Amino acid sequence: MKNTVMTFKEAKARGERLTMLTAYDYSTAKLMDESGINGILVGDSLGMVMLGYEDTLSVTMEDMIHHTACVARAAKNALVVGDMPFMSYQTSIYDAVYNAGRLMKEGRCQAVKLEGGASVCPQIKAITEASIPVMAHLGLTPQSVNAFGGFKVQGKDEDAARRLIEEAKAVEKAGAFSIVLECIPAKLAEIITRSVNIPTIGIGAGKHCDGQILVYQDMLGMFSNLKPKFVKQFAKVGDLMKDAFASYIKETQEGTFPEEEHSFKISDDVISKLY
Ligand code: KIV
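Now for a description of the structure that goes with this document. (Residues numbered from 1 in each chain as written. Predicted model: local features only at pLDDT ≥ 70, side-chain atom pairs only at ≥ 80, totals over all residues. Heavy atoms only, no water.)

Take helix α9 (residues 186-195) next. Along α9, the residues that are buried comprise Leu-188, Ala-189, Ile-192 and Thr-193. Viewed along the axis of α9, the buried residues span an arc of 140 degrees, placing them on a single side of the element. Away from its buried face, by an angle of more than 90 degrees, α9 presents the exposed residues Lys-187 and Arg-194. On the buried face of α9, the contacting elements are α1 (5-14), α8 (158-174), β6 (178-182) and β7 (200-203). (Buried < 20%, exposed > 50% of the residue type's maximum accessible area, 1.4 Å probe, protein only. Helix = DSSP H or I, 4+ residues; strand = E, 2+ residues; numbered from the N terminus. Arc of directions from axis to C-beta. Contact = heavy atoms within 4.5 Å.)

Here we take up the packing of aromatic side chains. One pass over the full model with this rule turns up four aromatic pairs. Judged by centre distance (6.0 Å) and plane angle (65 degrees), the rings of Phe-8 and Phe-177 are edge-to-face. Of this pair, Phe-8 sits in helix α1 while Phe-177 sits in the loop between α8 and β6, placing them 169 residues apart in sequence. Residue Phe-177 is classed as buried on the basis of its relative accessible area of 11%. Judged by centre distance (6.0 Å) and plane angle (65 degrees), the ring pair of Tyr-248 and Phe-257 falls under edge-to-face. (Phe/Tyr/Trp six-rings, centres within 6.5 Å; stacked < 30°, edge-to-face > 60°.)

All right, on to the side chain of Thr-56 then. Following the sequence through the fold, Thr-56 ends up in the loop between α3 (46-49) and α4 (61-74). Here Thr-56 falls in the buried class, since its relative accessible area comes to 3%. Leaving out residues up to four positions away in the same chain, Thr-56 has contacts with Asp-44, Ser-45, Met-48, Pro-142 and Gln-143.

Here the residue pair Phe-257 and Pro-258 is connected by a cis peptide bond, since its omega of 0 degrees sits within 30 degrees of zero. With respect to the secondary-structure elements, Pro-258 resides in the loop between α11 (237-254) and α12 (268-274). Positioned with a positive phi, Arg-108 is a non-glycine residue whose angle comes to about 60 degrees. Tracing the sequence through the fold places Arg-108 in the loop between α5 (93-107) and β4 (111-115). A positive phi angle is found at Cys-183, which is not glycine, with a value near 55 degrees. Locating Cys-183 in the fold gives a position in the loop between β6 and α9. Note on Cys-183: relative accessible area 12%, which makes it buried.

It is worth stressing that arrangement in space is one thing and function is another; only the former is reported here.
Take a look at the structure:
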């Protein structure tokens, strides 16, 4: 059954944990969808794990629409959330609604995500009022990497922790249907999770969130540029891929691939006429 924003709401009410992963292409999203994931985020982490940038800042609306559409074609059951890239919503409420609309119309996602708290509540309200569900994102918000001075754990002192609790309540009031909590202390995430009625989806925010999300290349051991403490490698797919690539190179060079079973036949009659 298709997961919707209502599924997310009901899961929190029932105390059922939500599962999300990122994906950026059709084949990977299809495998996730078939595995029973609740939601797929087409994150702007795309910029780092797929496009090779050092941060997420250069990702464009065109990049996000293109990859969101690939994932949406695969996701029969998972809720697809498209990430709003840097400067697609910060500049004005008009830009926010316009770009969220593009992500939904052209990318065919069922919700959008944007980073920030009180400062983007007018955008969350306006997008929600345009019937586009919004997932908020608090804590370590990677689009603010330059303001934070690096990828650092957020909310560690009293003021910062209180601010995050207030920001969570503010985004809920503005209409967000859920909140990603990234890289904050587990006990703070627990308090935030209890303080709001919408589900919290944690990444580096401990086990008391209502759900979890990971970047799929991280959890499959396919991306070695960064190794955040919160990532668990559920499989070493990167090593498997390298082994397979090496075998292909070796067999091709040795002439043991392709074999007859990988080749197409033609009748000897036709061949004899070609000489
Ligand atoms: O862009 C992304 O992948 C994200 C997740 C890490 C939550 O925002």
